[in-house]
Each structure stands twice: as C-alpha cells, then as structure tokens.
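Close look at the chain arrangement
Listed below, chain by chain, are the residues.
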Amino acid sequence: MNRSFIQSLLEHLLSLLVIFLLLCATAVWSGRLLGHDIGTADLQPQPGQTVYAAPDEAELAQLGLTAKQVKLTPRDSALWQVSDAEGEALGVVLSSAPYAPDIEGFAGPTPLYMYLDVEGKVVAAAAADNAETPDFFARAWQRIVPAWKGKTAEEGAKLQVDGVSGATYSSQAIARNLQTTLAEYAATESRFASAPVIGWGRTAAVALVLLLGVWAAWQARGKRWVRLGVLLLNVGVLGFWCGQFLSLSLLHGWIANGTDPLVYLPTLLMLGVAVVLPFFGRKRHYCTWVCPYGSLQELAGRLPLPKIPCSPKVYRVMRRIRLAVLGLLLLLLWCGLGSFLLDYEPFTAFLVQSASPVVLALAGCFVVASCFVPHLWCHCFCPVGELLDLSENDK
C-alpha cells in the first residue's frame, strides 16, 4: 500500500480523534459524558437557562419515594433520573413547569411532578406549590390523578377525564398539566423508542438522497441539472420534510448525553457520510453535497441578482473568522458558559413550527445575503463546517 496514503489516512484518523476529544471537553461542565455521569452529579445551571426546583421531601413522599432511600440525578433542567441506594435505575421524575407554563387553575399556575417507572408508565403525581383553594384542589386531585396511574406517556397524553363539579378550574388545570407534560415528554424522550424519530419512510428518503449525492459527486460532477436536482432534494427532503442536518448543538448533545442509534439513524447516516467520504478523497462532501442550509444558500446565490465580488484573499479572511467563531464557542463551552448560543444555529429554521423567531430571522438574513455573497454563513461563521474541515486535516 502506498506509504503516502497510509500517512494521509493516519493523519485523518488523528484529526478525527482530536475533534472528538475537543467536543468531549465541552461536555465536562454538564456533568455527563456519552450519557454517563462524570464528576459531580449536580448539573450546573447555564447562563440563560431556567433550572426548576427538584421535589422536596414532602413532594417525594407523595410520589411514593423516600428522600433518604433514593437519589435524584438531573438529566435536564426539569427532569431527574431516579435510582436506589445501589444505583439501580427506578425511573424518572419530571416537572410540568417548563412543559405547561401557561396552564392555570382558578388562582394561577398549578405545576406538578410526575414519577414514571423504567417502563415509562406513570406511577404517581405530586402537586407543587400553587395558590388554589386547598379543599377544592384536593377534591379535584383525588378525582383526576388516579386515572393516569399505569398509563404510558403516549397513553396519558391522549387520556380525557371529566372535570369535577365545583372544582372545574382546578380539575381542568390538573388534567391539562398531565396531558401536556406527558405529550411533550413522549415527543422528546427516546429511551424506549424502537424506530427512527422521523419514521422509516422518511429515513429511507434520507438514505436515498444521500446516495444520490454520493453518486452525483462521483459520476455527475459538472452537470448543472444534476447539481440543481441534488440541491432541491437536500432543501426539500433533508431540510423541510425530514428536518435532518448536522449542528454543533446536536454533536455537543450527543457527546454529553449519548444517543440511541436507532432513534437518530437518519442523522447518523448524514454524519457517517460526512466522516467517511473524505477517506476516499471527497473532502467537504457534506458541506458541498449534503447540507440543506448550504444548499439553500447556493440556490439563493443562483438568482439573477448582482453579486459582490470576493477575492481569494477575502475568502481566506472569512475562513479565519470562521475558525475564530468555532474557537470562541469551544472556549465558552469548556468554561461552562455560552451553551445557549448553540440554540441560535440557523439549521433549526428548517423545523419551522418549533424554531424560534430569532432563529428564523437569522437564517433568513443569511439566505438573503447569499443572493449577493455566495455561502456567507458557510464561509464565514459555520462551526460545523470548520469542524469538518479540521477533521479532514484541511490546510
């Protein structure tokens, strides 16, 4: 085997290892690495992050748990892993506060806690502090909550229970808290999932688009109509229909919390293509032939509008800016700061219904800018693109 090829292969593997270790370092302040606790189990609140109070002893007692016999380990700002004295997992406790902040009873919000066992079934619920009239609230609680015991999150989200006469507001608030919280939990929790989160049909569509991109990169380079077709499929199928893309936020989350390969199969396919193709001489394949946001910018740049000329020197300056952006983000993450900045990567704009207005506006601005300066986000700011370039030992 050619010695230069072996050297290039080893350099690429070393670059990938360095990038992986850099990302691992960003997870230290979360207290978790690949889904396992490291150091202290207490999560440190991040700037801009709301951390909700864990249930106290009285509330734990309502959940059927004893504070001295169980341990609550934060998995999120309002979700705790429950384990016994020997460390065996018993389930999770979650607070309704972030899931149903606008649900109110007669006198205001009625937050609660829920305890789900390892099979994902509701074991018990406990009322958190509220301003409801105690007698009315207790009557509503005794009538409403038992209907949810033994239900999975999916079943509980769909359960309908009649309100209690004389305590209508309280009973409706309790029921809606349970329904909404379980619905949100079921939508995001992947522990017991047995299929890709976007379904097998869309996963197959992602795989086909990726294969088409690989074929086009090898066999149809220079054919404008093929290139245009790939770009449209990347935006329409990978982006808007399937909501699949690589982002620093996603990679950071996987490094910290681990991932279910089946649930995230379509995204892992994209990551696999991004990592493997450079071994075969196809550098920047993900950025050039896969990334839906990069494809959207290129389509915008094809519009017949006047372009701002950029010399190679300008592009080199852009690359230095992108490297500085990545370095700053990593530095902030290593210091346990700035994780909220990852929420503003423009890729999530493809998830139109759940993306924040700020992200939608930011993504739109860069697409418009790409009409005049091609791939402005890609060249100047994208941390994922810089990570992939560094992993390819790109000089």
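Here is a short report on the structure shown in this document.

Definitions and limits used
- Residues numbered from 1 in each chain as written.
- Predicted model: local features only at pLDDT ≥ 70, side-chain atom pairs only at ≥ 80, totals over all residues.
- Heavy atoms only, no water.
- Helix = DSSP H or I, 4+ residues; strand = E, 2+ residues; numbered from the N terminus.
- Buried < 20%, exposed > 50% of the residue type's maximum accessible area, 1.4 Å probe, protein only.
- Contact = heavy atoms within 4.5 Å.
- Areas by Shrake-Rupley, 256 points an atom, 1.4 Å probe, with all protein chains shown as cover.
- Pairing = 2+ DSSP bridges.
- Axes fitted to C-alpha atoms, helices over the stretch in contact; angles between N-to-C directions.
- 1 Å grid on protein atoms, 1.4 Å probe; cavity = no way out; pocket = protein on both sides within 12 Å on 5 of 7 lines; lining within 4 Å.
- Points joined across faces, edges and corners; volume = space filled by probe spheres on them.

In terms of regular secondary structure, the chain is built from 15 helices and 7 strands. Counting the 395 residues in the chain, one finds 43% classified as buried. For the chain, long-range pairs separated by at least 24 residues make up 69% of all intrachain contacts whose partners lie at least 6 apart in sequence. Of the roughly 20,200 Å² of accessible surface on the chain, 63% is carried by carbon and sulfur atoms.

Strand order across the open sheet formed by 5 strands is β3-β4-β5-β6-β7, with antiparallel pairing between neighbours. Because the sheet does not close on itself, it has two edges, and the strands there are β3 (70-76) and β7 (122-127). Each strand of the sheet is rotated relative to its neighbour by a mean of 25 degrees, with strand direction disregarded. Across 6 bridges, β3 lies against strand β4 (residues 79-84) in antiparallel orientation. In the strand pairing of β4, Leu72 is matched with Val82.

With respect to the secondary-structure elements, Gly201 resides in helix α6 (residues 199-219). The exposure class assigned to Gly201 is exposed, which follows from its relative accessible area of 52%. Between the C-alpha atoms of Gly201 and Cys242, which are 41 residues apart in sequence, the distance is 9.9 Å.

Once that is clear, we can look at the pairing of β7. Where burial is concerned, most of β7 is hidden: 5 out of the 6 residues are buried. The sheet contact formed by strand β6 (residues 112-117) and β7 spans 5 bridges and is antiparallel. Across the sheet, residue Leu112 finds its bridge partner in β7, namely Ala127. Here β6 hands over to β7 after 4 residues, with Gly120 in that stretch at a positive phi of 80 degrees.

Another aspect to go through is the layout of surface pockets. Taken as a whole, the second largest pocket holds about 440 Å³ of empty space. The leading source of residues in the lining of the second largest pocket is helix α12 (residues 312-334), at 4 residues.

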